[in-house]
Amino acid sequence: MWTAIRHPVKWGPLTVDEGDVRTASEEGGPALSGGKRTHVVLPAYNEAASLPPLLSRLAEVALTGRLTAWVVDDGSSDGTAEVAATGVPGLEVRLVSHPVNLGLGQAVQSGLRAVLAEAGEGDVVVVMDADDTHDPTLIRVLEREIAAGADVVICSRFVAGGDDATAPALRRLLSRGAAVLFRRVLRVDGVRDFTSGFRAYRVSLLARAESHWGERLIEERGFACMVELLLKLRHCRPVVTEVPLTLRYDRKQGPSKIRIARTVGQYLKLLVRDRLSPAPYRVL
Ligand SMILES: Nc1nc2c(ncn2[C@@H]2O[C@H](COP(=O)(O)OP(=O)(O)OP(=O)(O)O)[C@@H](O)[C@H]2O)c(=O)[nH]1
Ligand SMILES: [Mg+2]
């Protein structure tokens, strides 16, 4: 069982109440109705070993609703693109390729823009790691949250039921430090896990943001891109909810690729830039 965490979400001067949003656990039944589709963006840098098990697990989820996986190969040298092109039975897999490595931020942006060029108004976009540490069955939970009224749903390690105990101590320290820093500085009620790479977005929300920012929707190249995207989307006054994430680091093939010192620097620079840059003159 999971429990949706609901708080009014305050973004600086903007306040968004939860309104009459119901918890997904009250929802039941098929998550998305009427031919709507979920697009799963998988930024992938040298994930050839992790992709086959992940795509197979996604194929199981695809049995219960329309789903397309979009693998963004970020200039990998280990055959990630070939593995994605081979695909798995029962799953539509699309490949977006960067000829050279551009970093997580640009990989997420390329995936989102490719999806937005094709997605329908009522579709859902999920972004998750391609390292197989995220449980694809949560996608149905995310869809139900969106169907119940959320615009952004974060799979969170820091709500009741969330867990990152399988991750290395330094990695957990970074996530927790970032969570404390962003909660303090951004004074955001309701978002506890700012840096989780596993989230769902309502397509119409992303489309609105993209029409304003275009190619500047994500400017960060590194891991700070997840925070940057939230900061930009806040100008659309989204309803944001969190659901518990149990990180399965034990499934990760090979060592972590995250550079901790560099990422801390990116987080700090992002906060300064956000403070200095003027908000759009109107709600998007
Ligand atoms: N490290 C890294 N990951 C990238 C890049 N481009 C795309 N990715 C993908 O981004 C996702 C997140 O990277 P991870 O290394 O899993 O980062 P993380 O989950 O924050 O940290 P760990 O799981 O501890 O490594 C993975 O699917 C990567 O394959 C890149 O340039 N560098
Ligand atoms: Mg990961």
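Structure shown above.
Residues numbered from 1 in each chain as written. Chains lettered and ligands numbered in written order. Predicted model: local features only at pLDDT ≥ 70, side-chain atom pairs only at ≥ 80, totals over all residues.

A separate point is the overall build of the protein chain. Looking only at helices and strands, the protein chain has 8 helices and 9 strands in total. Taken over 284 residues, the protein chain has a buried fraction of 46%. Long-range contacts, defined as pairs at least 24 residues apart, comprise 82% of the intrachain contacts of the protein chain with a sequence gap of at least 6. (Helix = DSSP H or I, 4+ residues; strand = E, 2+ residues; numbered from the N terminus. Buried ≥ 20, exposed ≤ 12 C-beta atoms within 10 Å, placed from the backbone. Contact = placed C-beta atoms within 7 Å.)

The next subject is helix H4 (residues 138-147). Structural remark: α-helix, 3.6 residues per turn; residues separated by three or four positions point the same way. Counting buried residues along H4, 9 of its 10 residues qualify, which places the element largely inside the surrounding structure. Looking only at H4, the buried set comprises Leu138, Ile139, Val141, Leu142, Glu143, Arg144, Glu145, Ile146 and Ala147. Packing partners of the buried residues in H4 comprise strand E3 (38-44), helix H1 (51-62), strand E6 (124-127), strand E7 (152-156), strand E8 (199-202) and strand E9 (240-244). Just beyond H4, the residue with positive phi is Gly149, at close to 130°.

A separate point is the site of ligand 1. In the vicinity of ligand 1 lie 19 residues, with Tyr45, Asp74, Ala130, Ser256 and Lys257 positioned nearest. Going through the elements one at a time, E3 and helix H3 (104-116) are the ones with two or more residues in the shell around ligand 1. Residue classes in the shell around ligand 1 are distributed as 8 nonpolar, 5 polar and 6 charged. (Near = placed C-beta within 6 Å. Nonpolar A, V, L, I, M, F, W, Y, C, P; charged D, E, K, R; others polar.)

So, on to the sheet that holds E3. A sheet is described by the order of its strands in space; here 7 strands give the open sequence E5-E4-E3-E6-E8-E7-E9, paired in mixed fashion. Two strands lie at the open edges of the sheet, namely strand E5 (92-98) and E9, each paired on one side alone. For this sheet, the mean inter-axis angle between neighbouring strands, taken without regard to orientation, is 20°. Sheet topology places E7 next to E8; 3 bridges connect them, and they run antiparallel. Considered in E8, the bridge of Ile154 is made with Arg199. (Pairing = 2+ DSSP bridges. Axes fitted to C-alpha atoms, helices over the stretch in contact; angles between N-to-C directions.)

Counting 78 residues, the largest nonpolar core has Val40, Val41, Leu42, Val71, Val125 and Val126 as its most contacted members. Top element by residues in this core is helix H7 (residues 225-233). It accounts for 7 residues. Beyond its immediate sequence surroundings of up to four residues, Val126 is in contact with Thr38, Val40, Val41, Ile139, Leu142 and Ala200. (Core = buried A, V, L, I, M, F, W, Y, C linked by C-beta atoms within 7 Å.)

Attention now moves to the pairing of E6. Burial along E6 is two-sided: the residues Val124 and Val126 and Val125 and Val127 are all buried. Bridge count for E3 against E6 is 4 bridges, and the pairing is parallel. The residue bridging Val41 from the neighbouring strand is Val127, located in E6. In this structure, E6 lies alongside E8, joined through 4 bridges in antiparallel fashion. When the bridges of E8 are listed, Val124 appears paired with Arg202.

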